[in-house]
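Understanding the architecture of this molecule
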Amino acid sequence: EAEVALVGRSNVGKSTLMRELTGHTFDTGGKPGVTRQPNHYDWAPEDFVITDLPGFGFMSGVDEEHREEIKTNIVHYLEDYAENILVAVLVVDGKSVIDIIDRHSGPDEVPYDVEMFHFLRDLDIPVVVAVNKMDKVDDKDERLNDLCDRLGLYPPWKQWQETIAPITAKKGRIEPLNEAVREHLHEQNRDDL
Ligand code: GDP
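Attention here is on the structure that accompanies the text.

Cut-off values and rules
Residues numbered from 1 in each chain as written. Predicted model: local features only at pLDDT ≥ 70, side-chain atom pairs only at ≥ 80, totals over all residues. Heavy atoms only, no water. Helix = DSSP H or I, 4+ residues; strand = E, 2+ residues; numbered from the N terminus. Buried < 20%, exposed > 50% of the residue type's maximum accessible area, 1.4 Å probe, protein only. Contact = heavy atoms within 4.5 Å. Areas by Shrake-Rupley, 256 points an atom, 1.4 Å probe, with all protein chains shown as cover. Salt bridge = Lys/Arg side-chain N within 4 Å of Asp/Glu carboxyl O. Expected span 1.5 Å × (residues − 1). Arc of directions from axis to C-beta. Axes fitted to C-alpha atoms, helices over the stretch in contact; angles between N-to-C directions. Parallel < 35°, antiparallel > 145°, perpendicular 65-115°, else oblique. Left-handed = near helix turned anticlockwise from the far one by under 90°. Nonpolar A, V, L, I, M, F, W, Y, C, P; charged D, E, K, R; others polar. Near = heavy atom within 4 Å. Polar contact = N/O pair within 3.5 Å; in protein donor to acceptor, adjacent residues only side chain to side chain. Core = buried A, V, L, I, M, F, W, Y, C linked by side-chain atoms within 4.5 Å.

1. Remarks on the overall build of the protein chain
Along the backbone of the protein chain there are 6 helices and 6 strands. When its helices and strands are written in sequence order, the protein chain yields β-α-β-β-α-β-α-α-β-α-β-α. Within the protein chain, the fraction of its 193 residues that count as buried is 48%. Contacts in the protein chain between residues far apart in sequence, at least 24 positions, make up 67% of those at least 6 positions apart. Split by element, the accessible area of the protein chain, about 10200 Å² in all, is 44% carbon and sulfur.

Dropping the structure here:
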């Protein structure tokens, strides 16, 4: 069955978003790294499943070795199921994503989010970046333009509404994400004709 895969660092609001998308309740604020295995859920309005992949990156109480293992598992899952994945949703925290990316950019360091974005594209999986917690961001356009810049997308972000979807999952404001995902699904249906 066709699937939409959700990836993102821990604490970006992935569980909150899953709850909005599926109506199920998920462990939020629970023990970090609890989602170890990919979890599959039906996405009612459309005929596919949503796969929630484990959160990656820093988690208190989870050691470096285990963090690497989680990341390796995610990468293998995406490689193995690339054919099946219609769209990947990379969830980021709009409030902190630029700071985190900039802090981890260097001559021999690529930040997780940037790495994941390019990795998914290399696998030919269309990516939608769900920029969450926009309720905490004042200079929205500037923040989204900065994000485009870091991802190698030519600003302004408004040109990339199929790729950049500002949302506030906590308040159920996720229409830009639904819209972007729908666009990709329809594009692929057209390609299949
Ligand atoms: P996960 O680790 O990615 O699954 O993140 P959670 O869904 O557990 O959310 C982490 C924290 O971010 C929780 O305190 C949520 O209430 C909060 N959060 C999630 N979405 C939003 C949002 O849209 N706005 C704000 N301000 N907080 C959010």
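2. Quick look at the pattern of salt bridges
This model, assessed by the stated rule, comprises 10 salt bridges. Note that D149 is salt-bridged to R150, the shortest N-O span being 2.8 Å. We classify D149 as partly exposed; its relative accessible area is 44%. R150 gets classed as partly exposed once you look at its relative accessible area, which sits at 25%. Here R182 makes a salt bridge to E175, at a shortest N to O gap of 3.7 Å.

3. Re helix α5 (residues 140-151)
Every α-helix winds through 3.6 residues per turn, so residues three or four apart in the chain are directed the same way. The first and last C-alpha atoms of α5 sit 17 Å apart over 12 residues, in line with the 16 Å expected at 1.5 Å per residue. Every buried residue of α5 is listed here: R143, L144, L147, C148 and L151. All buried residues of α5 fall inside an arc of 140° around its axis, so they share one side. Here the buried face of α5 lies against β4 (85-93), α3 (97-103), α4 (112-122), β5 (127-132) and β6 (164-166).

4. What to know about the environment of L17
Tracing the backbone through its elements, the reader meets L17 in helix α1 (residues 14-22). Owing to a relative accessible area of 0%, L17 belongs among the buried residues under this scheme. Distance in space between the C-alpha atoms of L17 and K170 is 7.4 Å, their sequence separation being 153 residues. Setting aside chain neighbours within four positions, we find L17 in contact with L6, V91, I167, A169, I174 and L177.

5. Some details on the packing of helix α2 (residues 64-81) against α4
The interhelical angle for the contact between α2 and α4, taken along N-to-C directions, is 20°, at an axis separation of 11 Å. By the angle between their directions, the pair α2 and α4 is classed as roughly parallel. In this structure, α2 meets α4 at a crossing whose hand is right-handed. Here α2 contributes E68, K71, I74, V75, L78 and E79 to the contact with α4, which in turn contributes Y112, E115, M116, F119 and L120. When its residues are assigned to classes, the contact of α2 with α4 shows 7 nonpolar, no polar and 4 charged.

6. Focus on the site of the ligand
Close to the ligand lie 16 residues; N11, K14, S15, T16 and D135 are nearest. Between the ligand and T16 there is a distance of 2.6 Å, counted from an oxygen atom to a side-chain nitrogen or oxygen. A169 is positioned with one of its backbone polar atoms (N or O) 3.1 Å from an oxygen atom of the ligand. Burial of the ligand by the surrounding chains reaches 79%, relative to a free accessible area of 580 Å².

7. Considering α1
Of all 9 residues that make up α1, 7 are buried, and the element is covered over most of its length. Turning to α1, its buried residues number three or more, namely K14, S15, T16, L17, M18, L21 and T22.

8. What about the nonpolar core?
In this structure, V7, L78, M116, V129, L147 and I164 are the most contacted members of the largest nonpolar core, which totals 35 residues. Looking at this core, the elements that each hand over two or more residues are β1 (3-8), α2, β4, α3, α4, β5 and α5. Counting residues per element, this core draws most heavily on α4, at 6 residues. Once you skip the residues sitting within four places of it in the chain, L78 turns out to touch A5, V7, L53, I85, M116, F119, L120, L123 and I125.

Without other data, these values stay purely geometric and don't point to any function.
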